[in-house]
Amino acid sequence: MNFDRSVRTTCPFCGVGCQINLNIKDDRILSVTADFDLAPNYGQLCVKGRFGTDFVHHPTRLKTPLIRKDIEPGKPFGKARRARSLAEDYRPASWDEALDLVADRLAAIVRESGGDSIGTYCSAKATNEDNYLFQKMVRGLLGTNNVDHCARLCHAGSVAGLMRTIGSAAMSNSIQEMSHLDTFIVIGSNTTYAHPVIALSLKKAVARGARLILIDPRRIELAEFATIWLQQRPGTDVAVLQAMAHVIVAEKLYDADYIVRHTEGFDEYAASLAEFTPEWAERISDVPAAKIRRAARMFANANVAAIYWGMGVSQSTHGTDNATALVNLSMLCGYIGKYGGGLNPLRGQNNVQGCSDMGGLPNVYPGYRPVNDAEMQAYFEEAWGVKLNPRPGLTAVEMVHGAERGEIRGMFVMGEDPMSSEPHLKHARHCLENLDLLVIQDIFANESALYAHVILPAASFAEKAGTFTNTERRVQRVRPALSPPGQARPDWAIISDLARRLEARLGKRMKPGWDYEHPREVWDEVRRLAPEFRGVTYERLEKEGVQYPCYDEDDPGTVYLFEDGVPRGRGKFWPLTFKPPVETPDPTYPFNLSTGRVLYHWHGGTMTRRSVLNEIAPEPVVEINPVDAARIPTRTGDLVRIASRRGEVVARVKVTDRSPIGTVFLPFHYIEAAANLLTLDELDPTAKIPDYKNTAVAVAPAEEHHWRVELQ
Ligand code: SF4
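Conventions we followed
Residues numbered from 1 in each chain as written. Predicted model: local features only at pLDDT ≥ 70, side-chain atom pairs only at ≥ 80, totals over all residues. Heavy atoms only, no water. Helix = DSSP H or I, 4+ residues; strand = E, 2+ residues; numbered from the N terminus. Rg over C-alpha atoms; globule rule 2.2 N^0.38 Å. Buried < 20%, exposed > 50% of the residue type's maximum accessible area, 1.4 Å probe, protein only. Contact = heavy atoms within 4.5 Å. Lys, Arg positive; Asp, Glu negative; His and termini not counted. Charge placed at Lys NZ, Arg CZ, Asp CG, Glu CD. Pairing = 2+ DSSP bridges. Axes fitted to C-alpha atoms, helices over the stretch in contact; angles between N-to-C directions. Near = heavy atom within 4 Å. Domains from an automatic or database assignment. Buried area = accessible area lost by both parts, 1.4 Å probe. Salt bridge = Lys/Arg side-chain N within 4 Å of Asp/Glu carboxyl O. Nonpolar A, V, L, I, M, F, W, Y, C, P; charged D, E, K, R; others polar. Polar contact = N/O pair within 3.5 Å; in protein donor to acceptor, adjacent residues only side chain to side chain. Patch = residues over 30% accessible without salt bridge, like charges linked within 9 Å, V, L, I, M, F, W, Y side chains within 5 Å. Areas by Shrake-Rupley, 256 points an atom, 1.4 Å probe, with all protein chains shown as cover. Phe/Tyr/Trp six-rings, centres within 6.5 Å; stacked < 30°, edge-to-face > 60°. Lys NZ or Arg CZ within 6 Å of the ring centre and 35° of its normal. Arc of directions from axis to C-beta. Parallel < 35°, antiparallel > 145°, perpendicular 65-115°, else oblique.

Glancing now at the overall build of the protein. What the protein contains, in helices and strands, is 24 helices and 30 strands. For 712 residues, the compact-globule estimate of 2.2 N^0.38 gives 27 Å, and the protein sits close to it at 24 Å. Classification of the 712 residues of the protein by burial places 67% in the buried group. Nonlocal contacts in the protein, meaning residues at least 24 apart in sequence, comprise 75% of its contacts between residues at least 6 apart. Each charge class in the protein can be summarised by its mean position, and for the 82 positive and 88 negative side chains these summaries are 1 Å apart.

Let's shift gears to the sheet that holds strand β19 (residues 466-469). Spatially, the 3 strands line up as an open sheet ordered β19-β20-β21, and their pairing is antiparallel. In the strand order of this sheet, the two ends are held by β19 and β21 (546-547), each with one partner. Where strand β20 (residues 474-478) lies against β21, 2 bridges are found, and the strand directions are antiparallel. In the strand pairing of β21, V475 is matched with V546. Together, β19 and β20 form the strand contacts of helix α4 (residues 128-142), whose direction differs from that of β19 by roughly 95 degrees.

Neighbouring the ligand are the residues C11, F13, C14, V16, G17, C18, L45, C46, K48, G49, P196 and V197. Put simply, the parts of the chain that give the shell around the ligand at least two residues each are α1 (47-51) and α8 (196-207).

Right, let's talk about the domain arrangement of the protein for a bit. Once the domains are mapped, the protein shows domain 1 (5-57), domain 2 (66-72 + 105-150 + 360-547), domain 3 (156-348) and domain 4 (591-701). Summed over both sides, the interface of domain 1 with domain 2 buries roughly 1800 Å², with 56% coming from carbon and sulfur. Linking domain 1 to domain 2 there are 1 salt bridge. We note a salt bridge from K543 to D37, for which the minimum N-O separation is 3.2 Å. The set of elements that each furnish at least two residues to the side of domain 1 that touches domain 2 consists of β1 (5-10), β2 (19-25) and β3 (28-33). By residue number, the principal contributor to the side of domain 1 that touches domain 2 is β1, which donates 5 residues. A class-by-class count of the residues in the side of domain 1 that touches domain 2 yields 14 nonpolar, 7 polar and 5 charged.

So, about the side chain of D684. Of note, D684 is situated in the loop between β28 (680-683) and β29 (690-691). Of the polar contacts made by the side chain of D684, one reaches the backbone nitrogen of G319; its length is 3.0 Å. From its side chain, D684 meets the backbone nitrogen of T320 in a polar contact 2.9 Å long. Aside from chain neighbours lying at most four places away, what touches D684 is S316, T317, H318, G319, T320 and I689.

Turning to helix α22 (residues 519-529), a few remarks are in order. The complete set of buried residues in α22 reads P519, V522, W523, E525, V526, R527 and L529. Where α22 is buried, its residues touch α4, α17 (374-384), β19, β20, α21 (491-506) and α23 (538-541).

Let us now look at the sheet that holds strand β12 (residues 305-309). A sheet is described by the order of its strands in space; here 5 strands give the open sequence β10-β9-β8-β12-β13, paired in parallel fashion. With partners counted over all chains shown, the strands left at the sheet margins are β10 (228-230) and β13 (343-345), one partner each. Going across the sheet, the axis of each strand differs from the next one's by a mean of 15 degrees, ignoring polarity. With 5 bridges joining them, strand β8 (residues 183-187) and β12 adopt parallel strand pairing. Considered in β12, the bridge of I185 is made with I307.

It is worth spelling out the side chain of N41 at this point. Within the fold, N41 resides in the loop between β3 and α1. For N41, a relative accessible area of 0% puts it in the buried group.

On the surface, I671, V709 and L711 cluster together into a nonpolar patch covering about 210 Å² of accessible area. With respect to the secondary-structure elements, V709 resides in the segment after β30 (695-701). On the basis of relative accessible area, V709 is assigned to the partly exposed category, the value being 40%.

On to the pairing of strand β25 (residues 639-643), then. Along a regular strand, successive side chains alternate from one face of the sheet to the other. Burial analysis of β25 places 4 of its 5 residues in the buried class, which makes it a mostly covered element. Taken together, the 5 bridges between β25 and strand β26 (residues 648-655) define a ladder with antiparallel strand orientation. Paired with I642 across the bridge in β26 is V649. In this antiparallel pair of consecutive strands, β25 and β26, the connection spans 4 residues. Note that β25 and β30 share 4 bridges and pair antiparallel. Paired with R641 across the two strands is A700, which belongs to β30.

This next bit is on the packing of aromatic side chains. The geometry of an aromatic ring pair is captured by two quantities: the separation of the ring centres and the angle between the planes. For the structure on display, the rule yields 20 aromatic pairs. Through a chain of ring-to-ring contacts, the aromatic side chains of Y132, Y365, Y379, F380 and W384 assemble into a single cluster. Over the aromatic face of F77 sits the side chain of R105, whose NZ or CZ is 5.4 Å from the ring centroid. Over the face of the ring belonging to F665 we find R218, whose NZ or CZ atom lies 3.6 Å from the ring centre.

The element β20 is extensively covered by neighbouring structure, given that 5 of its 5 residues are classed as buried. For β19 and β20, the ladder comprises 4 bridges, and the chain directions are antiparallel. When the sheet's bridge partners are listed, F468 is paired in β20 with Q476.

Summed over all chains, the structure comprises 55 salt bridges. With a shortest N-O distance of 2.7 Å, E97 and R91 are connected by a salt bridge. Overall, the relative accessible area of 33% leaves E97 in the partly exposed class. Exposure remark for R91: the relative accessible area of 27% places this residue in the partly exposed category. Across the pair R211 and D182 runs a salt bridge, and its minimum N-O distance is 3.5 Å.

Another aspect to go through is helix α12 (residues 278-285). Within α12, burial applies to P278, W280, A281, I284 and S285. Summarising the axial view, the buried residues of α12 lie within an arc of 150 degrees, below the 170-degree limit, and thus occupy one face. Contacts from the buried residues of α12 go to α9 (237-250) and α13 (289-300). D286, located one to two residues past α12, shows a positive phi value of around 70 degrees.

Following both chains from N to C, one finds α9 and α12 inclined at 170 degrees, their axes separated by 9 Å at the closest point. What the angle tells us is that α9 and α12 run roughly antiparallel. Residues A239, V240, A243, H246 and V247 of α9 form the contact with α12, whose participating residues are P278, W280, A281, I284 and S285. Taken together, the residues that form the contact of α9 with α12 break down as 8 nonpolar, 2 polar and no charged.

See the structure below:
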């Protein structure tokens, strides 16, 4: 194929971080290819990376700043409320007018109610540089730590479980190890849909003789590759994992040497397992005790075994305990700090790892330095030249609930869509309608944008420079292949302009100023502040990404972590108890609803619903087991109404035994059948993550229905 130029960059969808070539003809992406000699994907791409990037050319891209027509200069805004449409309720504005307005209102709210009355979302889709500057502006100028992002809603349970046991939340091992595994557990991850290129490596491992222990309620594709498949009842992960640990301890299959050298709390933990027999777990989880024993022996008797998990583990009101149970298992067998082993939460979004690394969380500065640690506070105050707020901020869902109480008055959202990603959406929308200021900065007018006072148009991944960090801690370049449409600008440039205005209004001056000319300067600032990135220069990233920690320019980077012990010093065994999901089926709502992804779409669908992929998967489809379909009754192709205590949606039926009896599965990509209208906003007490996998619902046949999709 003839194209004008080819630009290598990083895929904007999932955390695998595939390297892609955007082949450009007449300023449009003609095709996407991949080089066979480059990590992490070595020429492989999934359907999203190969065909889904045409969203950047969609006619609905935001091209100019927009201000609500009813806003009058110098007057307070009305509350946030849903617009009829962009055309009817917004007017185009210049950048100067829009940013002056935003800066005026943010500064006024900070003066009236304090910085903690502002809530902000940074973005797992934006670059490291975008996110670093965003949180720096929020902390240094607005004076609050109320900054969070979608990691709260996907892997917060994993982060909390890993932090309390070993003191680090990053994926410990690498993609390159996956095709050479000995034994591995996959739990709560439909890897072939969510991380397709990683799934290829895992399948390759099985073809080479590796043993896969799959733990999942759904008959996902990996079930065909599993040596043992433990099909637990939804929400009973802790019971199964504790019973596996029981067997390993009872049969003395653990690694006594590793436990003595690297852990603490073993005796108390081992004693706590006495009651968690496989027979007890069978009663709770429906997994036969004999299978649990077999899986435990296979895991413990391996040369080395890895654990991979996804949102099925973490998106639970017991997400922290689920992840903790996995760490306990791995520590028991001494599989931490070894090639082909380790603890591997597969990160969802393209830069969810980097967004967290850059301090896009309410409790930590860049590099996970705690905001309430006086030494760290002083370090960043010195670096940035301003006083900082030592109080950890609110998490995503807490900010939404704070808006309902009037404690959060203003919200600035960069590249996220809380009006579709929050649980119990009806309530979330009600909360956010109480905001005095809502600013959305994005590439499309998503659902949240329609509630905003001001909308700022951002450049997409294909139109800006920077870096993303993939799930295996690999920092990789993002390169501009196209010009942004209209007046759209890179997030880092918008934030810098806004920060200068805030400095003037709030009488602050941050170091080293906001006159960055290129994201490279921002990254060099990150490298100066966080030693684990010091050796990762833009020059080194020219050819291939580098896995941090990487302390100097001669350091090759780190393929796997914890060879010399875990950051906490000693890994801590945590005794656990089993708690059932908050909401379980009953006679009125007799099914369990689980939510997740399909192969062809990505998260809220903002991008893939505007790509050619939407032609393959244009409608919300709910998967229902044949036994349940006969009870409802319904057949493939019919419409059903799915109702929970909080709301209802209509979806088309696919009858399949992928869903276990009693559980229906609805993807969360379709705003016209938003799964989060059904989910509940109870939170894990430690991680503050909601449960997107266990909602009690009723399912009934529905009449003819036409979904309303508003692509603005
Ligand atoms: Fe992109 Fe992930 Fe697919 Fe790779 S596996 S092409 S990173 S969506």
